[in-house]
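# Fold and geometry: a report
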Amino acid sequence: MEDSATNTANNVARAIAAALDWASTPDARKAAVSFLESIKAGDVRILASTSFLLVRKDWSSEIRLHAYKMLQHLVRLRWEELSPTERSSFANVAVDLMSEIANPCEEWALKSQTAALVAEIVRREGLVLWQELFPSLTTLSSKGPAQAELVSMMLRWLPEDIMVHNEDLEGDRRRLLLRGLTQSLPEILPLLYTLLERHFVAALSAARNQELDVAKQHAATVTTTLNAVNAYAEWAPLPDLAKYGIIQGCGFLLSCPDFRLHACEFFKLVSPRKRPIDVSASEYVSAMSNTFQILMNACREFLCRSSSSSVVIDENEFEFAECICESMVSLGSSNLQCIAGDSTLLPLYLQQMLGFFQHSKLALHYQSLLFWLALMRDLMTKPKVVAHSAGDSSAVNSLSTIPGQADSEKRKILSFVSDDICSAILDISFQRMLKREKVLPGTTYTLGALELWSDDFEGRGDFGQYRSRMSELIRFIASYKPLIAGANVSERIITIIKHLLLSQMPSQDLAVMESMQLALDNVVNAVFDGTNEFGGGSSEVQLALCRIFEGLLQQLLALKWTEPALVQVLGHYLDALGPFLKYFPDAVGSVINKLFELLNSLPLVVKDPSTSSARHARLQICTSFIRIAKAADKSILPHMKGIADTMAYMQREGCLLRGEHNLLGEAFLVMASAAGIQQQQEVLAWLLEPLSQQWTQVEWQNSYLSEPLGLVRLFSETPTMWSIFHTITFFEKALKRSGFRRAQANLQNNSTSSSTLLHPIGSHLSWMLPPLLKLLRAIHSLWSPSIYQVLPGEVKAAMTMTDSELFSLLGEGVPKLSKGVLTFTDGSYADMGKEGTAEPNESDIRNWLKGIRDSGYNVLGLSTTIGDSFFQALDIHSVALALVENIQSMEFRHIRQLVHSFFIPLVKYCPSDMWEIWLEKLLHPLFHYSQQALSCSWSSLLHEGRVKVPNIHKIFAGSDLQVEVMEEKLLRDLTREICSILSAIAGPPLNTALTSLEQSGHISRVDTSSLKDLDAFASNSLVGFLLMHKGLAIPALQICLEAFTWTDGEAVTKVSSFCAAVVVLTISTNNAELLQFVSKDLFSAIIQGLALESNAIISADLVALCREIFVYLCDRDPAPRQILLSLPCIKPHDLVAFEEALTKTSSPKEQKQHMRSLLLLASGNKLKALAAQKSVNVITNVSTRPRNLVNTAETRSDDGDVVGLAAIL
């Protein structure tokens, strides 16, 4: 028998060696692994005896480690196969192994695995075994540092399943383990404290006696014990940690360089803890107050040392300081109430957090920023539910939940945020708004020793996120202390200006000035936010604030900068003061004059437009007019005539380019919106009249739009080409900026029709839109195969995607362009000097096509919101020719854009008496083609792993992987947009005839005598109208059915509301075809959709649909019962019991739960959307997904695991 066990052990040892030896052949390794698996799955007693033989010292470390893993496998997965006597013997042998391996010569990995094995046994057997083992473990730990280290390792492994989610440990077992360990804390924690104290003292003693090897052994035990302590820090009751000396012991070790990082880790885990309801408040507060004092003592020592110029602090100390600071942030953000009543401790804590905020080390400053932002957000924000960004812990969680008490606590804490603290926070924030990469080598303006943000600062997000947090903090401080904020920001900017005036090369020091513009913007917006009287309503404070900002404004107006970069920054500073101008109207005129002065100081025509910063600066100055017009509100109205006269003069003199005129015109529209409808109409007439004279001329339309190749001629006429572009972009701006203010719009909706109160731009649509439709028709025709074949190569190349579109599809940021290369940010930057320059190249044509499409679609979509002026003024035939004549040749990206910008607004705003004329003619070709294209493309993706996107012209010249990513992104984007239009069609405002079944009073059945014909709903339900027209209904309903199988939860979310409306209509009407579709096809498709985990986010709504279909339609059609009975794991009595349960409750919520339970039972838990208990990984960035696998678990049909209703049936 013994020889047999030895032979088996030898065979297993050889197999382990072969499996681990890379010199083995693949076949040998495969055979070895197979043999080892057979041992693990074979006789459990042979597995145990063999493994125990192989952990002995006779074998190599690799074989021993593998044997320990086999023993752990047995305990975790096959423990119940042993008898109680065998389990007791197994445990005793394992404990004996701990005694044997407690040797300084043994490898750490073997010790750790031995301890882990014993911990696993204790977890499996529970509290009884632990009480039996504890005395022997205590005795073992007292024998020496090696034995104590091993016991600490075991104690560290013991709560592993509590801290780390383990799939093999069920919820009940985890709760039992937690309960057992909690009951054992009175033994565990004192033992850990004893080991810490004993071996720390022994290590110090050995070090003093120069017994370095002995000191190292004791130090290793201290470190291991600290690791064990940290395993309890997250969950052990805080009063227990304090009672048994753990908090005090770890606090003491913070002063010891060898152990402070491990000790600090304990406080990082304890600091964010919240008081459980079953823990005494006084005990918890006492323990947390003690924690505050311990950490603050450590902070005080570090901050004193770092403030001394004679002390050099190394990286190890900075690492420790960062850990302490992180603990302090967590402590203050979660448990500030524990010291809120201590008028000595709280201000000292705030001063220390300010010290970290002011620290030159970026990592320490950044940690403190999170605290100050959370604190000020909670102290300054009125109680409401706020979603904070990741990484921003919330101090409000630490305050009382009783409103009056919470306000009192907030005011008390806020009183300690003194003027000096606010001033210091602002001073540092202003300096740190600058990025290190922006500081040029020749910069002379000193920033002190601050370590500025850099791109290589890892683990803290990007600079934009950091600056956003800093800006929010500045706004809170400025709201709290407006005078201090105003004085500080003004003083710093004036100092920088004086420095720049003395500089030999001011543009080299410009980065500092640029960084302060955002700071000024935040302060001004916070002080003059418009929500209440600025300065708290105090006339004295208001006067002081006006003096401060008036002084700053005078400094800015006195500057005589003409260099483009300086001019641009100055323009930004002036528009940052816009909110101030609202309360100080006397300064508006001088600001406007200064902006025109800056505009005229820049050259109009430059030799090299592609690299000119002057053109960019001119456009930015024009944009400043818009920002000031928005912010200054009615203060700017008296200056409108002067601005108009100056614009007219500059145009006559040829000093204003078309794009610049568009921006100034947009500013004018903003001003007019503050003046009222009549002023808007006058301004629009003034701005649009010159455009109408050119736009409505038939000569250019006949020349360029009468036939598709006319566009090719237009591409060679640069001035005309860009003139058309600017005209359309201005139409877009005019539609966005003109209209009724919100109060007027509400009045219009409630008391008058849109035709009664004419939109200011309504009368202009009749001449604006027809040429635009002709232009869009010509552009769309370029993609038709017959025309595409004869296009010049340059035009074909221009029909590919822009760089920004490509990077967007790949989920990457768009590369930053130089200042001379301008994009379509607002539609006016595209020309970049193309007015009157050379022939446009491929890139120009591509950008022009994209710009016309972007603005053109928007113009049409915005026009639909005006109402009768659009729908009665236009010929539907011309609209259909322009938009859907060539839809089968359009790319997915263009259809998606057209649906988003035009079709969805069309559906929302089309009057019901126009549905027949407009929607049937436009939606039919869209739905018909989209259904075919989406069905084909999704089928290709799900079955072949690659999307077949039609009509793509040279999508990308990159790798196959990138092409696949972009193709799938194009498909998902179009799918979601088509589903969005179905969702819009089902919107409540367009379906007033439909009410929810609960609201209508129907609990489970509808009286068939009350059913109506479908056409009764066609005039006041857009879904009813669509279903009445089979040309629209068939493709739309087919899209709904197929969407449930497309592994796109977002698309299903959008389409489910349309399905819900269809179900309500089916229940309310007597239409037999609709009844059959919903009862059979839709019910089946929804269940199939529940088989996909991607639909877990919408599973509740899908179950609700199933419940409605079954409850309200099963008596009218047998299909719902037949479908449920066809599921693989259902029995007839299950369905009977389900129906009985439904009759016993009238609660829709309870009925949905019954339906969910039945579906899970009937499918054998194959409905992944229902079975998924963990958070669902929704596909948002497909580039991170493995390619050519395409959700194989969900979509492959050739692996024997067909998913969906087909598999269930």
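Residues numbered from 1 in each chain as written. Predicted model: local features only at pLDDT ≥ 70, side-chain atom pairs only at ≥ 80, totals over all residues. Heavy atoms only, no water.

## Focus on the overall build of the protein
On a plain count of helices and strands, the protein comes out with 56 helices and zero strands. Counting across all 1209 residues of the protein, residues that qualify as buried make up 54%. As presented, the protein carries roughly 51400 Å² of accessible surface, and 52% of it is formed by carbon and sulfur atoms. (Helix = DSSP H or I, 4+ residues; strand = E, 2+ residues; numbered from the N terminus. Buried < 20%, exposed > 50% of the residue type's maximum accessible area, 1.4 Å probe, protein only. Areas by Shrake-Rupley, 256 points an atom, 1.4 Å probe, with all protein chains shown as cover.)

## Remarks on empty space enclosed by the protein
To find the voids left in a structure, one rolls a probe of water-molecule size over its atoms. Under the criterion given, the structure shown has four cavities of 30 Å³ or more. Approximately 100 Å³ is the volume found for the largest cavity. Around the largest cavity, the lining is made up of 14 residues, and of these Leu849, Lys850, Arg853, Arg893 and His894 lie nearest the centre. Elements with a minimum of two residues in the lining of the largest cavity: helix 40 (842-864) and helix 43 (892-909). Sort the elements by how many residues they give to the lining of the largest cavity and helix 40 lands first, with five residues. Of the residues contributing to the lining of the largest cavity, the split by class is four nonpolar, four polar and six charged. (1 Å grid on protein atoms, 1.4 Å probe; cavity = no way out; pocket = protein on both sides within 12 Å on 5 of 7 lines; lining within 4 Å. Points joined across faces, edges and corners; volume = space filled by probe spheres on them. Nonpolar A, V, L, I, M, F, W, Y, C, P; charged D, E, K, R; others polar.)

## Focus on the side chain of Ser1079
Following the sequence through the fold, Ser1079 ends up in helix 49 (residues 1072-1089). The class of Ser1079 is buried, set by a relative accessible area of 0%. A polar atom in the side chain of Ser1079 sits 2.9 Å from the backbone oxygen of Leu1075. Beyond its immediate sequence surroundings of up to four residues, Ser1079 is in contact with Ile1109, Leu1113, Asp1117, Ala1119, Pro1120 and Ile1123. (Polar contact = N/O pair within 3.5 Å; in protein donor to acceptor, adjacent residues only side chain to side chain. Contact = heavy atoms within 4.5 Å.)

## Describing the nonpolar core
The biggest cluster of nonpolar side chains holds 397 residues, and the ones touching the most others in it are Phe90, Trp372, Phe549, Trp848, Phe903 and Trp918. Per-element tally for this core: the top contributor is helix 44 (residues 915-944), with 13 residues. (Core = buried A, V, L, I, M, F, W, Y, C linked by side-chain atoms within 4.5 Å.)

## Overview of the environment of Pro760
Along the chain, the position of Pro760 falls in the loop between helix 35 (742-751) and helix 36 (765-781). Residues Pro760 and Leu735 lie 25 residues apart in sequence; the distance between their C-alpha atoms is 9.2 Å.

## A short note on the packing of helix 27 (residues 588-601) against helix 29 (residues 640-652)
Relative orientation of the contacting elements helix 27 and helix 29 amounts to 15°, with a least axis distance of 11 Å. Compared by their axis directions, helix 27 and helix 29 come out roughly parallel. For the pair helix 27 and helix 29, the crossing hand works out as right-handed. For the pair helix 27 and helix 29, contact is made by Ile592, Phe596, Leu599 and Asn600 and by Ile643, Thr646, Met647 and Met650, respectively. Tallied by class, the residues present in the contact of helix 27 with helix 29 amount to six nonpolar, two polar and no charged. (Axes fitted to C-alpha atoms, helices over the stretch in contact; angles between N-to-C directions. Parallel < 35°, antiparallel > 145°, perpendicular 65-115°, else oblique. Left-handed = near helix turned anticlockwise from the far one by under 90°.)

## Some remarks on the packing of aromatic side chains
Applying the stated criterion across every chain yields a total of 36 aromatic pairs. Ring geometry for Tyr366 versus Trp453: centroids 6.1 Å apart, planes at 55°, classification tilted. Here Trp453 lies in the loop between helix 20 (419-432) and helix 21 (463-480) and Tyr366 lies in helix 18 (residues 362-380), a separation of 87 residues in the sequence. Consider the rings of Phe871 and Trp918, whose centres lie 5.2 Å apart with planes at 85°: the pair is edge-to-face. Of this pair, Phe871 sits in helix 41 (residues 868-871) while Trp918 is found in helix 44, placing the two residues 47 residues apart along the sequence. With respect to class, Phe871 is no different from Trp918; both count as buried. Positioned over the ring face of Trp157 is Arg156, at 4.9 Å from the centre of the ring. The ring of Trp783 is capped by Arg853, whose NZ or CZ atom sits 4.9 Å from the centre of that ring. (Phe/Tyr/Trp six-rings, centres within 6.5 Å; stacked < 30°, edge-to-face > 60°. Lys NZ or Arg CZ within 6 Å of the ring centre and 35° of its normal.)

## Things to note about unusual backbone geometry
Positive phi outside glycine occurs at Asp633, with the angle close to 55°. Structurally, Asp633 can be placed in the loop between helix 28 (613-632) and helix 29.

## Digging into the pattern of salt bridges
Opposite charge on two side chains allows them to pair when their charged atoms are near. Considering all chains together, one arrives at 38 salt bridges under this definition. Two residues, Arg846 and Glu842, come together in a salt bridge whose shortest N-O distance is 2.6 Å. Residue Arg846 and its partner Glu842 are located together in helix 40, separated by four residues, close to a single helical turn. A residue is classified by how much of its surface remains accessible, and Arg846, at 13% relative accessible area, is buried. Glu842 gets classed as partly exposed once you look at its relative accessible area, which sits at 33%. (Salt bridge = Lys/Arg side-chain N within 4 Å of Asp/Glu carboxyl O.)

## A few points about the environment of Phe731
Following the sequence through the fold, Phe731 ends up in helix 34 (residues 718-737). Overall, the relative accessible area of 0% leaves Phe731 in the buried class. Each C-alpha atom, one on Phe731 and one on Ser863, is 10.0 Å from the other, the two residues being 132 residues apart in sequence. Not counting residues up to four positions away in its chain, the partners in contact with Phe731 are Leu688, Leu691, Trp695, Trp767, Met768 and Val859.

## Some points on the confidence of the model for the protein
Summing up the model confidence of the protein, the mean pLDDT is 84 and the portion of residues at 70 or higher is 85%. Low pLDDT (under 50) marks residues 383-403, which in the prediction has 38 contacts with non-local residues, meaning those over four places away or in another chain. Across residues 816-838, where pLDDT falls below 50, the model places 53 contacts with residues more than four positions away in sequence or in other chains. (pLDDT = per-residue confidence, 0-100.)

## What about the packing of helix 3 (residues 44-54) against helix 4 (residues 61-77)?
Packing of helix 3 against helix 4 brings their axes to within 8 Å, and their N-to-C directions diverge by 150°. The orientation of helix 3 relative to helix 4 falls into the category roughly antiparallel. Crossing geometry of helix 3 relative to helix 4 is assigned as left-handed. Counting all contacts with helix 3, which are made through Val44, Leu47, Ala48, Ser51, Phe52 and Leu54, the residues of helix 4 involved are Ile63, Arg64, Ala67, Met70, Leu71, His73 and Leu74. Taken together, the residues of the contact of helix 3 with helix 4 sort by class into 10 nonpolar, two polar and one charged.

## Regarding helix 16 (residues 315-335)
A rise of 1.5 Å per residue sets the reference length of helix 16, with its 21 residues, at 30 Å; its end C-alpha atoms lie 30 Å apart and thus fit the reference within 8%. Most of helix 16 is tucked away: 15 of the 21 residues are buried. Where helix 16 begins, the side chain of Asp314 points an oxygen toward the backbone nitrogen of Asn316, at a separation of 3.3 Å. (Expected span 1.5 Å × (residues − 1).)

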